[in-house]
Amino acid sequence: MATSTNNAPNGIGPVPLPFNNAGSGVDADADAEKKDPRVKEYESLASSLPSNPKLRLRCYQGTWVLAPWVPGIMAVQRGLFAPRRGDVVLASAPKCGTTWLKALAFATTARGAHPPAHDAAHPLLRLNPHDCVPFMEKLFAAGWGSRMDALPSPRLMATHMHHSLLPASIAANPGCKMVYICRDPKDMVVSMWHFGRRMQPALSFLDVFEPACDGTGLSGPIWDHVLGYWNASKASPETVLFLRYEHLLRDPVGGTRKLAEFVGQPFSEDEEAAGVVTDIVTLCSFEKMRNLDVNRPGSSASASPAGVVLEGTFANDSYFRRGEAGDWTNHMTPEMAGRLDAVMEEKLRGSGLSFS
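Residues numbered from 1 in each chain as written. Predicted model: local features only at pLDDT ≥ 70, side-chain atom pairs only at ≥ 80, totals over all residues. Heavy atoms only, no water.

(A) Focus on the sheet that holds strand S3 (residues 63-66). Read across the sheet, 3 strands follow the order S1-S2-S3 without closing on themselves; strand pairing throughout is antiparallel. This sheet does not close on itself; its edge strands, each paired only once, are strand S1 (51-52) and S3. Two elements, strand S2 (residues 57-60) and S3, share 4 bridges in a ladder whose sense is antiparallel. Residue pairing for S3: tyrosine 60 is matched across the bridge by threonine 63. On the sheet, helix H2 (residues 70-77) packs against S2 and S3 and is oriented at approximately 30° with respect to S2. (Pairing = 2+ DSSP bridges. Helix = DSSP H or I, 4+ residues; strand = E, 2+ residues; numbered from the N terminus. Contact = heavy atoms within 4.5 Å. Axes fitted to C-alpha atoms, helices over the stretch in contact; angles between N-to-C directions.)

(B) Molecular detail of the pairing of strand S5 (residues 156-159). Side chains Leu156 and Ala158 project from S5 onto one buried face, and the interleaved Met157 and Thr159 project onto a second face that is buried too. The pairing of strand S4 (residues 88-92) with S5 spans 4 bridges and is classified as parallel. Within S5, the residue paired with valine 89 across the bridge is methionine 157. (Buried < 20%, exposed > 50% of the residue type's maximum accessible area, 1.4 Å probe, protein only.)

(C) Quick peek at the packing of aromatic side chains. Under the defined criterion, the tally for this structure stands at 8 aromatic pairs. Ring centres 4.3 Å apart and planes at 10° place the aromatic pair tyrosine 180 and tyrosine 229 in the stacked group. Separated by 49 residues along the polypeptide, tyrosine 180 in strand S6 (residues 177-182) and tyrosine 229 in helix H11 (residues 222-235) bring together distant segments of the chain. Where tryptophan 193 meets phenylalanine 205, the ring centres are 5.4 Å apart and the plane angle is 85°; that geometry is what we call edge-to-face. Within this pair, whereas tryptophan 193 is found in helix H9 (residues 185-197), its partner phenylalanine 205 is found in helix H10 (residues 205-214), the two being separated by 12 residues in sequence. Taken individually, tryptophan 193 and phenylalanine 205 each receive the classification buried, so the pair is uniform in this respect. An aromatic cluster of at least three residues, connected via ring pairs, comprises Tyr180, Tyr229, Trp230 and Phe242. Its guanidinium or amino end placed over the ring of phenylalanine 135, lysine 102 lies 3.5 Å from that ring's centre, counting from NZ or CZ. (Phe/Tyr/Trp six-rings, centres within 6.5 Å; stacked < 30°, edge-to-face > 60°. Lys NZ or Arg CZ within 6 Å of the ring centre and 35° of its normal.)

In structure tokens, the structure reads:
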């Protein structure tokens, strides 16, 4: 049997957000928790922002984000979220390996309480990774930010926010760590199109491709999203880890070791000998997770308090389409690929980062 780690704080690690009995085993009474009136104020402010109705986006502080999440971003920025020492924030643009990173990070940091190969009740076997690692802006937009405050430390959370949108309490906090994952923008666009069609079947590929090129797509401009975290990782490598999806695909064991080291929970010699790293990678593999009952077609949408489905929530199986690198070749002409590559090359020039 694998040896439990002593590196995880208190030997526990993060726990899933308490939503309902079917999810985390904690009963949540949505009626007992009223939406913070400040969030309602932010909803009013957000309603006046420039919008893209087809993609359901609003432009906030120069970035294009899901309209329902804008009030949550405002809430995080304006102090409704209180960071703690030991918090770990997983950051990404949508469709860049977010689900996989959530799974790997949760399995790694919670391995003391949940040995990856020897816990039949492991949260990742019964919950979608998005239920184990919540999006901050999504929770606060729904008015349920207090549920994050109630989590024990250390907390593991996620965001799709640009680095420029993060408050200094997170971005300049030496007690918080951020792990960012990016992906070849061409594959990101293809994945986003397939994902978007689950909600809008008539969405054309050009509806997603053109905004990606001109910077008005979801989480756009994408080059600003990537550069913000890239520059932060260069300026503060001890608090920001920059990962690439393609590198993680090629060496998931090495990437998981790097992740564990970065968050201060390196694998011990006993764990290495027992194969714990490989166990985590296996537990979080695409095939394993896609075939779990909770993630199969027809599965319920990601958990929410008392079974309430939050706006912008998708069926669990929609997060597991292919998970490959290079799928863009099946959807883009060489000319389209060249156009997006050229835009990214121009915007990233001089940064030391390249996707070509």
